[in-house]
Amino acid sequence: MLEKVAELQSEVDNFKASKIEEIEQFRIAFLGKKGHLNDLFSAFKTIAPDQKKEFGKAINILKKSASDKVTLLKASLEDTLTQKNVYGDLTKPAEPILIGANHPITIVKNKIIDVFNRIGFSISEGPEIEDDWHNFTALNLPEHHPARDMQDTFFIATNPNILLRTHTSSVQVRHMETNTPPIRTISPGRVFRNEDISARSHCIFHQVEGLYIDTDVSFADLKQTLLYFTKEMFGKSKIRLRPSYFPFTEPSAEVDIYWGLETETDYKITKGTGWLEIMGCGMVDPNVLKNANIDSEKYTGYAFGMGIERIAMLLYQIPDIRMFYENDIRFLNQFKAVL
Ligand code: DAH
């Protein structure tokens, strides 16, 4: 009889369960009405008196360990269940992480930076709130110069000397004031003009300015650099330079690229000519060099400036400049695949 008790005792000790039903089955088998313990207590009555003490002790231990086991297993199962409620099902695949997209202006700005970095241009930045000197006067636009009207300016009401920069050419001046030639830099940034908002123009937009100053810099260097840029940026290898006027460059030019006339959109955006204007450029006027304390006898340089929005609109066929600033998620999500 004692052997039978010992056998059941080791069964209790080794019992493990991961489901509530298994624990219940175990409880019924040992502690239920027709369970092992009831059988053993019945047998106890028929046992020889001299064995009663030892046998009684063994079945009491068995009973206690069986009921302790049930309590313990139930408690630990409940624990894991509540843990699951706290942390969720830890075996489930993870939630997808929502990845945003770069703004098309950022994408195009980075592309331009990349193209010029490869040929040794550094990046420079300047303040958006500028003074008259850096935005106009030093760039060969003295007070009352008619060309000041080309760029409708936002002035700070209390101080006509302080304004929101109308172009990133102001960074040229700042860079020349604090660096010595050779200078090779591009300056991306936000600019402001008091213009009506339409599909083609906005009062806040972005530009990239380029500046190269060294001994013997020629117009041919400028042309080659621009050709390299248009090839890299648009994959187009035909450009033309049309004579133009900017106060800070002499001679000045506007750069057109040959876009082609393959699709209806090409006809539309090039107005049937196949040519598209993408930037202004020229040889830095000696007056500008002098204003920034650079020896204009020794050094020459070229500069150029382009609008980032315009280039982004061409690259991604965006029909309306206002789309850049509306933050419509359906528009922005389309740039997810572009890095
Ligand atoms: N600053 C001019 C603008 O905002 C763009 C520009 C034209 C910049 C010619 C230049 C340049 O550096 O040489 O329209």
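Residues numbered from 1 in each chain as written. Predicted model: local features only at pLDDT ≥ 70, side-chain atom pairs only at ≥ 80, totals over all residues. Heavy atoms only, no water.

A.B. asks: Requested: an account of a nonpolar patch on the surface, with residues and values cited.
C.D. replies: A cluster of nonpolar side chains, Val86, Tyr87 and Leu90, forms an exposed patch at the surface whose accessible area comes to about 390 Å². Here leucine 90 is to be found in the loop between helix H4 (49-87) and helix H5 (104-117). By relative accessible area, leucine 90 is classed as exposed at 66%. (Patch = residues over 30% accessible without salt bridge, like charges linked within 9 Å, V, L, I, M, F, W, Y side chains within 5 Å. Areas by Shrake-Rupley, 256 points an atom, 1.4 Å probe, with all protein chains shown as cover. Salt bridge = Lys/Arg side-chain N within 4 Å of Asp/Glu carboxyl O. Helix = DSSP H or I, 4+ residues; strand = E, 2+ residues; numbered from the N terminus. Buried < 20%, exposed > 50% of the residue type's maximum accessible area, 1.4 Å probe, protein only.)

A.B. asks: Just give me the short version of the nonpolar core, but keep the residues and values in it.
C.D. replies: Membership of the largest hydrophobic core comes to 42 residues, with the highest contact counts inside it found for Ile112, Phe229, Phe234, Phe304 and Met306. Of all the elements in the fold, those that place two or more residues in this core are H5, strand S6 (204-214), helix H8 (219-234), strand S8 (249-258), strand S9 (275-284), strand S10 (300-307), helix H11 (308-316) and helix H12 (329-332). Per element, the largest residue contribution to this core is 7 residues, and it comes from H5. Among the nonpolar cores identified, the runner-up in size contains 20 residues, and Phe136, Leu141, Leu211 and Val284 belong to it. (Core = buried A, V, L, I, M, F, W, Y, C linked by side-chain atoms within 4.5 Å.)

A.B. asks: Can you tell me about the packing of aromatic side chains, naming the residues and giving the values?
C.D. replies: Here the structure, examined in full by the defined rule, presents 17 aromatic pairs. Considering the side-chain rings of tyrosine 258 and tryptophan 275, the 5.1 Å spacing of their centres and the 65° angle between planes classify their relative orientation as edge-to-face. Remark: tryptophan 275 occurs in strand S9 and tyrosine 258 occurs in strand S8; sequence separation between them is 17 residues. For tyrosine 258, a relative accessible area of 28% puts it in the partly exposed group. Assessed through its relative accessible area of 18%, tryptophan 275 is described here as buried. Among the aromatic residues, ring-to-ring pairing joins Phe116, Phe121, Tyr212, Phe229, Phe234, Trp259, Tyr302 and Phe304 into one connected group. Positioned over the ring face of tyrosine 258 is lysine 238, at 4.5 Å from the centre of the ring. Sitting above the plane of the tryptophan 275 ring, arginine 240 keeps its charged end 4.3 Å from the centroid. (Phe/Tyr/Trp six-rings, centres within 6.5 Å; stacked < 30°, edge-to-face > 60°. Lys NZ or Arg CZ within 6 Å of the ring centre and 35° of its normal.)

A.B. asks: With reference to specific residues and values, describe the domain arrangement of the protein chain.
C.D. replies: If you check the domain split of the protein chain, you get domain 1 (2-87) and domain 2 (104-335). The gap between the C-alpha centroids of domain 1 and domain 2 is 86 Å. (Domains from an automatic or database assignment.)

A.B. asks: Outline the pattern of salt bridges, supporting the account with residue identities and numerical values.
C.D. replies: A complete count under the given rule lists 13 salt bridges for this structure. Put simply, aspartate 256 and arginine 240 hold a salt bridge, and the shortest N to O gap is 2.9 Å. With aspartate 256 in strand S8 and arginine 240 in strand S7 (residues 239-246), the pair connects residues that are 16 residues apart, well separated along the chain. A residue is classified by how much of its surface remains accessible, and arginine 240, at 33% relative accessible area, is partly exposed.

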